[in-house]
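Working through the structure, step by step
Here is what each chain is made of, one letter per residue.
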Amino acid sequence: MVPEPVNTPAETRVRLKGGGYAVLTLADVAVAALHTPENDKYDVLAVVGGKNVPALVLAREALKGRDPWNTNVAEMALRDLGFSILVRRRFDNATGEPVCLTREQINNSSI
């Protein structure tokens, strides 16, 4: 049985931080990736043209300076357009277990 081809859309809608939505296109992301440097200090990276670029920064650049609602929205939009996403996981040094933050810790974080 031959698998059916996956259709990747040329554009997707992105919720913006200031309210409303914007259209994010595959072409805009490709052009933005040329000008977005790799930076491994971010926890969510998109793989574009062999480069690992921060998903949030890439989406912001592709949206011409408008901010996506949050990193998850940027990640989902880039994934919709067919890009691979890398997510860094934090582990507790003492136990080796994945770190799970409470909602309060997340809301009070500066990142």
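Quick look at the structure, then.

1. Focus: the overall build of the protein chain
Within the protein chain one finds four helices and five strands. When the helices and strands of the protein chain are read in sequence order from the N terminus, they spell out β-β-α-β-β-α-α-β-α. A principal-axis box enclosing the C-alpha atoms of the protein chain has dimensions of 45 × 45 × 25 Å. Burial statistics for the protein chain: of 111 residues in total, 28% are counted as buried. Contacts in the protein chain between residues far apart in sequence, at least 24 positions, make up 49% of those at least 6 positions apart. Accessible surface, the protein chain as shown: approximately 7900 Å² in total, 53% of it carbon and sulfur. The distance from the centre of the 13 positive side-chain charges to the centre of the 13 negative ones in the protein chain is 5 Å.

2. Considerations on the side chain of T25
Tracing the chain through its elements places T25 in strand β2 (residues 21–25). Residue classification places T25 among the buried residues on the basis of a relative accessible area of 19%.

3. Here's the deal with the environment of A32
Residue placement: A32 occurs in helix α1 (residues 26–35). The exposure class assigned to A32 is buried, which follows from its relative accessible area of 4%. Sequence separation between A32 and L58 is 26 residues; the distance between their C-alpha atoms is 6.3 Å. Setting aside anything within four residues of it in sequence, one finds A32 in contact with L58, E61 and A62.

4. A closer look at the packing of aromatic side chains
Under the definition given, this model contains zero aromatic pairs. The ring of Y21 has R13 sitting right over it, with the charged end atom 4.2 Å from the ring centre. Sitting over the ring of W69, R15 keeps its end group 3.7 Å from the ring centre.

5. Quick notes on the pairing of strand β3 (residues 44–48)
Most of β3 sits out of view: four of its five residues are buried. The sheet contact formed by β3 and strand β5 (residues 84–87) spans four bridges and is antiparallel. What sits directly across from A46, in β5, is I85. Where β3 meets strand β4 (residues 51–54), four bridges bridge the pair, whose relative direction is antiparallel. Bridge pairing links V48 to K51 in β4. In this structure, the hairpin formed by β3 and β4 is closed by a connection of two residues, where G49 is found at a positive phi of approximately 60 degrees.

Rules and cut-offs
- Within each chain, residue numbers correspond to sequence positions counted from 1 in written order.
- Reporting in this predicted model follows two pLDDT cut-offs: at least 70 for local features of residues, and 80 or more for side-chain atom pairs to be given and counted; totals over whole chains, interfaces and linings ignore these cut-offs and use all residues.
- For side-chain calculations, the full set of non-hydrogen atoms in the structure is used, while hydrogens and water are omitted.
- For the purposes of this entry, the term helix denotes a DSSP run of H or I that reaches at least four residues, the term strand denotes a run of E that reaches at least two, and both are numbered from the N terminus.
- When accessible area is computed with a 1.4 Å probe and restricted to protein chains, residues below 20% of their type maximum are described as buried, those above 50% as exposed, and intermediate ones as partly exposed.
- In this analysis, two residues are considered to be in contact whenever any of their non-hydrogen atoms come within 4.5 Å of each other.
- Methods summary: accessible areas were calculated by the Shrake-Rupley approach with a probe of 1.4 Å, and residue burial reflects only the protein chains presented.
- Counting rule for charge: Lys and Arg are taken as positive, Asp and Glu as negative, and neither His nor the chain ends is counted.
- The atoms used to mark charge sites are NZ of Lys, CZ of Arg, CG of Asp and CD of Glu.
- Centre distance within 6.5 Å is the pairing criterion for rings of Phe, Tyr and Trp, where only the six-membered ring of Trp is used; planes under 30 degrees apart are then read as stacked, over 60 as edge-to-face, and the remainder as tilted.
- Charges are assigned to positions over rings by a cutoff of 6 Å between ring centre and Lys NZ or Arg CZ, combined with an angular limit of 35 degrees from the ring normal.
- Strand pairing requires that DSSP identify at least two bridges connecting the strands.

Coordinates in, geometry out; function isn't part of it.
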